[in-house]
Amino acid sequence: MDESSLHERLLESAVATVAELGWRDAAVEPLCARAGTTPAAFYAEFATLDHLFVALYRREALDRVAAIDRSLRRLVSRRRRQAGAGAPVEPASAVAAVADAVGAELSDRRWWLVSTEYMLRAVRHPDVGGEYLRVRREVHEQVVDVVGRSVADLGLVLQVEVDRLVELGIVLHRGVVGQSLLDPGATSATDLDRLVWEALVLPAAAADGPRPTWAQRVGVEVANASTNARS
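Residues numbered from 1 in each chain as written. Predicted model: local features only at pLDDT ≥ 70, side-chain atom pairs only at ≥ 80, totals over all residues. Heavy atoms only, no water.

**Remarks on the overall build of the protein chain**
Inference 1: Of regular secondary structure, the protein chain possesses 10 helices and two strands.
Inference 2: Helices and strands appear in the protein chain in the N-to-C order α-α-α-α-α-α-α-α-α-β-β-α.
Inference 3: Buried positions account for 37% of the 231 residues belonging to the protein chain.
Inference 4: Sequence-distant contacts in the protein chain: of pairs separated by 6 or more residues, those separated by 24 or more amount to 68%.
Inference 5: Accessible area of the protein chain: about 12800 Å², with a carbon and sulfur share of 55%. (Helix = DSSP H or I, 4+ residues; strand = E, 2+ residues; numbered from the N terminus. Buried < 20%, exposed > 50% of the residue type's maximum accessible area, 1.4 Å probe, protein only. Contact = heavy atoms within 4.5 Å. Areas by Shrake-Rupley, 256 points an atom, 1.4 Å probe, with all protein chains shown as cover.)

Right, dumping it as structure tokens:
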């Protein structure tokens, strides 16, 4: 049997098994049965299920970083062509496109379930979370590099450091995806992603004059709602 094929089959089986059963019930035997192999073959590839998950997380996360990178490179190239043709590059639309590119790669239902399951395991059992945390930090740094380069190429101005922007954006996106999976239609992950990124990325002034901050816009909406309630 091809070892690389076995390795990939076990990883794919882990995604399906954990998404369906949860981490607690994702024992080696059902995982191997789904992959069409034996526990002996599993242990020839991975020392434990935790080792398998770290390998799975690395593969999935790096694939998503690469996809985000491709999307943002296409966005920057398109914006440069527009600028070369004399068309203005509207900051709001550029920020929305960045938010969409990042969010689209983090919204897969099965991966959300699997990664959340293992994050909870790592919180409950810190002794197994060390390598997982190391890979998470490595991936985070790569996302920061990709987003930071694109933000600079698009001429956007950050109101926080790029690493904090990425951290906050991903944390909030994870929560929004969970809410949208629980109650589809009640929450728009895309709208909330854009709101967060706009609040933290858009420059304080646009070409047509000062632009209200996110807090100012929310304040106006609250004031309007209060006025409507009294009338």
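From this point on, the discussion continues.
**A short note on a positive patch on the surface**
Inference 1: A cluster of basic residues, Arg-70, Arg-74, Arg-78 and Arg-81, forms a positive patch on the protein surface.
Inference 2: Within the secondary structure, Arg-70 sits in helix H4 (residues 49–84).
Inference 3: Overall, Arg-70 belongs to the partly exposed group, its relative accessible area being 47%. (Patch = residues over 30% accessible without salt bridge, like charges linked within 9 Å, V, L, I, M, F, W, Y side chains within 5 Å. Salt bridge = Lys/Arg side-chain N within 4 Å of Asp/Glu carboxyl O. Lys, Arg positive; Asp, Glu negative; His and termini not counted. Charge placed at Lys NZ, Arg CZ, Asp CG, Glu CD.)

**As for the side chain of Ser-115**
Inference 1: Take Ser-115: it is sitting in helix H6 (residues 109–124).
Inference 2: Of the residues examined, Ser-115 reaches a relative accessible area of 2% and is grouped as buried.
Inference 3: Of note is the side chain of Ser-115, whose polar atom sits 2.7 Å from the backbone oxygen of Trp-111.
Inference 4: Other than its neighbours up to four places away in sequence, Ser-115 contacts Phe-53, Tyr-132 and Arg-174. (Polar contact = N/O pair within 3.5 Å; in protein donor to acceptor, adjacent residues only side chain to side chain.)

**Description of the environment of Arg-9**
Inference 1: As for its placement among the helices and strands, Arg-9 is situated in helix H1 (residues 3–21).
Inference 2: Spatially, the C-alpha atom of Arg-9 lies 8.8 Å from that of Arg-34, the residues being 25 residues apart in sequence.

**A short note on the pattern of salt bridges**
Pairs can form between side chains of opposite charge whenever their charged atoms are close.
Inference 1: The final tally for this structure, using the stated rule, is 13 salt bridges.
Inference 2: One salt bridge connects Asp-50 with Arg-121, and the closest N-O pair in it is separated by 2.8 Å. Of this pair, Asp-50 sits in helix H4 while Arg-121 sits in helix H6, placing them 71 residues apart in sequence.
Inference 3: The class of Asp-50 is buried, set by a relative accessible area of 15%.
Inference 4: For Glu-167, the salt bridge goes to Arg-164, with nearest N and O atoms at 2.8 Å. Within this pair, Glu-167 and its partner Arg-164 are both found in helix H8 (residues 162–182), separated by three residues, close to a single helical turn.
Inference 5: Members of the salt-bridge network, linked through shared partners, are Glu-8, Glu-12, Arg-59, Glu-60 and Arg-64.

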